[in-house]
Amino acid sequence: MNRRFQSGFSLIEILITLVVVTLGVMAHVTFQHVTLHEAGLSTSRAKAAELALEKIEDLRAFGCLNTGGCSFAFQDIATNLGGTLNAGTLVLPANAAFTVDNSTYTRTWTVTSYWYTATNSAPVTTAPTGAPLPSLIGVTVTISWTDTNGNPQALSLSTLIAGADPALAAREYQ
């Protein structure tokens, strides 16, 4: 038999094919790892947003303006303080680590008080003389956690809470 007319694969062709297939499989595995990590991070961010919104709604649920008139007053909203009570203690208080869906989160919030000094004026952060309560309270809730790669993550949501007496809420819509 003449060697020129032999057909088939040589060892070099098979090795090159194995290298190409191996590189393709390694790229696919890396892609899957990154995809799973990003999916987990997306789930953690969604849960963090939910926890931040939960606290914002909790702070908006004050029952009266001044302390002493109800269990949770507008006046009681402060940095890392305020919220509905559960048997005398805050539900998930600030800086307490809690685990949800295999991730451990920490929730804090900062408060900035705003007063209007005159009609149609811009709000200021220093209380005018004789102003017992702010007109608005700015709240920024921050949720912190560590992702599956050990990197610190954080999500912050901000809102304004108006100092309107809940007892008069029905009158505002008339």
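Residues numbered from 1 in each chain as written. Predicted model: local features only at pLDDT ≥ 70, side-chain atom pairs only at ≥ 80, totals over all residues. Heavy atoms only, no water.

Student: Explain the pattern of salt bridges to me, please; I cannot follow it from the model alone.
Tutor: Two side chains bearing opposite charge may form a pair once their charged atoms approach each other closely. Applying the stated criterion to the full structure yields 4 salt bridges. The closest approach of N and O atoms between Glu 54 and Arg 107, which form a salt bridge, is 3.2 Å. Highlighted residues: Glu 54 in helix α1 (residues 11-60) and Arg 107 in strand β4 (residues 103-114), separated in sequence by 53 residues. (Salt bridge = Lys/Arg side-chain N within 4 Å of Asp/Glu carboxyl O. Helix = DSSP H or I, 4+ residues; strand = E, 2+ residues; numbered from the N terminus.)

Student: Where do I start with the side chain of Asp 58 in this structure?
Tutor: Residue placement: Asp 58 occurs in helix α1. Taking the relative accessible area as the measure of exposure, Asp 58 reaches 12% and is therefore buried. Residues contacting Asp 58, with those up to four places away along its chain left out, are Phe 72, Gly 82, Gly 83 and Thr 84. (Buried < 20%, exposed > 50% of the residue type's maximum accessible area, 1.4 Å probe, protein only. Contact = heavy atoms within 4.5 Å.)

Student: Would you explain the nonpolar core in this entry?
Tutor: One recurring pattern in soluble globular proteins: nonpolar side chains tend to sit buried together. Counting 25 residues, the largest nonpolar core has Ile 77, Tyr 105, Val 139 and Ile 143 as the members making the most contacts within it. Elements with a contribution of two residues or more to this core: α1, β3 (98-100), β4, β5 (136-146) and β6 (152-162). Element by element, the count of residues in this core is highest for α1, at 6 residues. Leaving out residues up to four positions away in the same chain, Tyr 105 has contacts with Ser 44, Lys 47, Ala 48, Leu 51, Ala 96, Ala 97, Phe 98, Val 100, Ile 143, Ser 144 and Trp 145. (Core = buried A, V, L, I, M, F, W, Y, C linked by side-chain atoms within 4.5 Å.)

Student: In this structure, what is going on with the side chain of Ser 44? I would like to understand it.
Tutor: Along the chain, the position of Ser 44 falls in helix α1. Setting aside chain neighbours within four positions, we find Ser 44 in contact with Ser 103, Tyr 105 and Trp 145.

Student: Before we go on, may I ask you to explain the packing of aromatic side chains in this structure?
Tutor: Two aromatic rings are characterised by how far apart their centres lie and by the angle between their planes. Using the criterion set out here, one finds 3 aromatic pairs in the structure. Between Phe 98 and Tyr 105 the ring centres are 6.4 Å apart and the planes differ by 35°, which places this aromatic pair in the tilted class. Of the two residues, Phe 98 and Tyr 105, both sit in the buried class. Seen in terms of ring centroids, Tyr 105 and Trp 145 are 5.7 Å apart; in terms of plane orientation they differ by 50°. Their pairing is tilted. Of the two residues, Tyr 105 sits in strand β4 while Trp 145 sits in strand β5, which places them 40 residues apart along the sequence. Exposure remark for Tyr 105: the relative accessible area of 1% places this residue in the buried category. For Trp 145, a relative accessible area of 4% puts it in the buried group. In this structure an aromatic cluster arises from ring pairing among Phe 98, Tyr 105 and Trp 145. (Phe/Tyr/Trp six-rings, centres within 6.5 Å; stacked < 30°, edge-to-face > 60°.)

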